[in-house]
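These are the residues of each chain, in order.
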Amino acid sequence: MEKLFKPEGFLIFDGGMGTMLQASGLKAGELPESWNISNPESILEIHKAYIAAGADIITTNTFGANRYKLKDSGFSCGEVIESAVKIAKKAAGNKLVACDIGPIGQLMEPYGTLSFQDAYDAFKEQVAAGDAAGADLVLIETMSDIYEAKAVILAAKENSRLPVLCTMTFQSDGRTLIGSYPLTMVNIISHLGVDVLGINCSLGPKDMIPLLAQVLKYSAIPVIVQPNAGLPAVVDGKTYYDISPEQFGLYMAEMAEMGALILGGCCGTTPLHIREIRKALQGKRPARVEVKKLTAASSSTSTVILGDGIKIIGERINPTGKKMLQEALRNGDMNYILKEAVLQRDAGAHILDVNVGLPEIDERAMMVRAVSELQSIVNLPLQLDSVRPDVIEAAARVCSGRPIINSVNGEKKIMDTIFPIAKKYGCLVVALTLDENGIPEKAEDRLKIAEKIVKRAEEFGIDREDIIVDCLVLTASAQQKEVRETIKALALVKEKLGLKTTLGVSNVSFGLPDRELLNRTFLAMALTAGLDAPIMNPIAEAMMNTIRAYNVLWDIDKKAAEYIRSRSESNEKVVFKEKEEKQDLKKIIINGMKEEAESMVKKLLAEKNGMEIVDEFLIPALDIVGQKYESGEIFLPQLIQSAETVKRAFEVIKNSMLENTREAAGVSKGKIVIATVKGDIHDIGKNIVKILLENYGFKVYDLGKDVPAESIVEKVKEEKALMVGLSALMTTTVKSMEDTIKALRRYCPDTKVMVGGAVLNEEYGKMIGADYYGRDAGEAVKIAREFYNCK
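A. Looking closely at the pattern of salt bridges. Within this structure, the stated rule accounts for 45 salt bridges. Note that E598 and R648 form a salt bridge whose closest N and O atoms lie 2.6 Å from each other. Separated by 50 residues along the polypeptide, E598 in helix α22 (residues 594-604) and R648 in helix α24 (residues 636-657) bring together distant segments of the chain. Residue classification places R648 among the partly exposed residues on the basis of a relative accessible area of 31%.

B. Representation of the confidence of the model for the chain. With 96% of its residues at a pLDDT of 70 or more, the chain has an overall mean of 92. Within the model, the stretch residues 574-582 combines pLDDT values under 50 with eleven contacts to residues more than four positions away or in other chains. Under a pLDDT of 50 for its full length, residues 661-665 has, in the predicted model, five contacts with residues more than four places off or in other chains.

C. Geometry of the packing of helix α6 (residues 146-159) against helix α7 (residues 182-189). Closest axis-to-axis distance for the α6/α7 pair is 11 Å, and the angle between their directions is 25°. By the angle between their directions, the pair α6 and α7 is classed as roughly parallel. The two elements α6 and α7 cross, and the hand of that crossing is right-handed. Here I146, A149 and I153 of α6 lie close against α7, whose contacting residues are T184, M185, I188 and I189. Residues that form the contact of α6 with α7 fall into these classes: six nonpolar, one polar and no charged.

D. Expanded view of the pairing of strand β17 (residues 428-432). Within β17, five of the five residues are buried, leaving the element largely enclosed by the surrounding structure. The side-chain alternation of β17 yields two buried faces, one formed by L428, V430 and L432 and the other by V429 and A431. The sheet contact formed by strand β16 (residues 404-408) and β17 spans four bridges and is parallel. By the bridge assignment for β17, N406 is matched with V430.

E. Just the environment of A135, in detail. Along the polypeptide, A135 turns up in the loop between α5 (116-133) and β4 (137-143). Once the C-alpha coordinates of A135 and A149 are considered, the two residues, 14 residues apart in sequence, prove to be 20 Å apart. Each residue touching A135, except ones within four places of it in the same chain, is listed here: V85, V97, C99, G130 and L162.

F. Expanded view of the pairing of strand β3 (residues 96-101). For β3, the buried fraction is high: six of the six residues fall into the buried class. Every second residue of β3 is oriented toward a common face, with L96, A98 and D100 on one face and V97, C99 and I101 on the other, all of them buried. Judged from the three bridges that link them, strand β2 (residues 57-59) and β3 form a sheet pairing that is parallel. Bridge assignment links T59 to a residue of β3, and that residue is A98. For β3 and β4, the ladder comprises four bridges, and the chain directions are parallel. Within β4, the residue paired with C99 across the bridge is V138.

What counts, and at which threshold
Residues numbered from 1 in each chain as written. Predicted model: local features only at pLDDT ≥ 70, side-chain atom pairs only at ≥ 80, totals over all residues. Heavy atoms only, no water. Salt bridge = Lys/Arg side-chain N within 4 Å of Asp/Glu carboxyl O. Helix = DSSP H or I, 4+ residues; strand = E, 2+ residues; numbered from the N terminus. Buried < 20%, exposed > 50% of the residue type's maximum accessible area, 1.4 Å probe, protein only. pLDDT = per-residue confidence, 0-100. Contact = heavy atoms within 4.5 Å. Axes fitted to C-alpha atoms, helices over the stretch in contact; angles between N-to-C directions. Parallel < 35°, antiparallel > 145°, perpendicular 65-115°, else oblique. Left-handed = near helix turned anticlockwise from the far one by under 90°. Nonpolar A, V, L, I, M, F, W, Y, C, P; charged D, E, K, R; others polar. Pairing = 2+ DSSP bridges.

Structure (structure tokens):
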């Protein structure tokens, strides 16, 4: 990637393509990518205008050129991209051409229907077409789901040798739609091998600056920023943005001074904005940014930094010695595993070790299933635990975060097998201090193995910070002297290598009575020697109390706040037991346990009627979930999972109510027609709104995506619906939304219109004639409930 940089260090991208297409006459609902074939000269002139303004890199008109969006267009992905690259190359001269790839516009599994493999295949087709046509690099942009970003990054890395740039789009609350914060985005994406990462769209430059500061703090690779030209407004039927080119240039200069190396524009920006960036950067040199190196694992929505306090790795999802888990694995009972995950999370685990190794099952398939379902229920990072490299790789591929691999050791064959997997998928690795000769007796020899592992990892391009050393706990019953050597080795690793450490604590007590006493004593010894992440049972209260006490005595828990809180709650706290406990239906819904919810509702129906269950359990649970989502305690994946759980519970209730038509008639709270407007195929937000509205008892008529105004009007009149929800993601389709609202006003004057989408805000919604603006799914439900006077 270094060869792309000019001597002064900065690179300037072009600005908005959709904005320029609209100015050139793109009609509402018209497919922007079709202009590569029908109006190539117009696309050529747009590229030339950006180059004349000072752009070093121009972006092909292929944002939505995927098989899903082009399905009914009459054009293939290959011909659209080939044409787009050809036009851009003609305009570029000695400038660079980026093959632009945007999101597919569908929810990924398990929350939607788009599988990881299907997304990968669609992106692979785009990458291959762009590479074959002669693109210089791949720009992945406007990603809101880090799992989808991973799919396209892997498609780009595995099917071309082009440099890869990836940007994600953040909301005003500092999170992506799915719930990733900047640190999590950097921690996952930077380790997947992209050349550049950054932020684009949704926000203007002023609001993007705080997010950029967080990205620059942690990113060791170049950072790109492409803000919108502020907020949109409608004047005389045309869309304008409130940041002038001159203001835009000043903001971009500030971002450059912060450390951004690649700068451009997104929605609302034009060649005038790009010219002002070029002008503002004259005479400036890139800033030197001190990057904070971390040892950190991530789920898609949270990051756990080792070394920032004691981090607990939950050990309970491991069949060794656990007959009930073994039976669950044989029966494919994922519900048992999910309950174990929830119990450990609620007890204080920060990371979950996942081991499903039984000789009589398909371990690879079970691991993939376990990882997929676990990451839909809990937002904790995962530690992938298997002795089989194929199982590790399969799990690492489908993991939506940045996992830890458990494990590698000092054997050359093992290192040469595991490290390529870790490098490709950006994983951290647990390094066991053993080799072909077994576990050394002496601490100094274990240190030597750790040093050998680190050196070999670095030869594979893996940072030493990504190695977590396990000095191995031996049983006091059989190797009593070696227990002390483990503690000594732990201290040596911290002193000589400065790496983060982990230990399987409970191994020390195997074969001895009163194991918990030995475990917690050994844990205290290990913590004082430098243990960062004990692998342990977080449900063992004595072990957790040892950590809480250590945090006080080691000045980690300031003013003993957490310790005091835990002691004050100890008398009220439910003691977790090995056997399954009866759970409240509300808690089951909050945790997203679908099968548990079905079972509990069936039991409750023997005591209550369906609407009583809805009003006493389902709606209050959804309210709690909504509050947790708004406060940032949970994120969109958990919100959807809880909503889907309510849906399953509601189906049981509806089936039981079929014999009681009077009761069944009371289920619907009101009719709402929803649609993504003509020309827009992105329906993620709309689908989320649909799920929540249905769970709150509304009858929802989902007309899908790319829906003409007349179809929406027809459905509203047919159903006599009093509310319509319209969605748009693209700036080029907001005009379609405005036209749809005008049609509704003319033919359905009593119907209220609610709008939402990444390119909208409340003020813009009012300007195009909407009655309500729903910034997210939770807000949409509030609006509907208030309108229909629902309790």
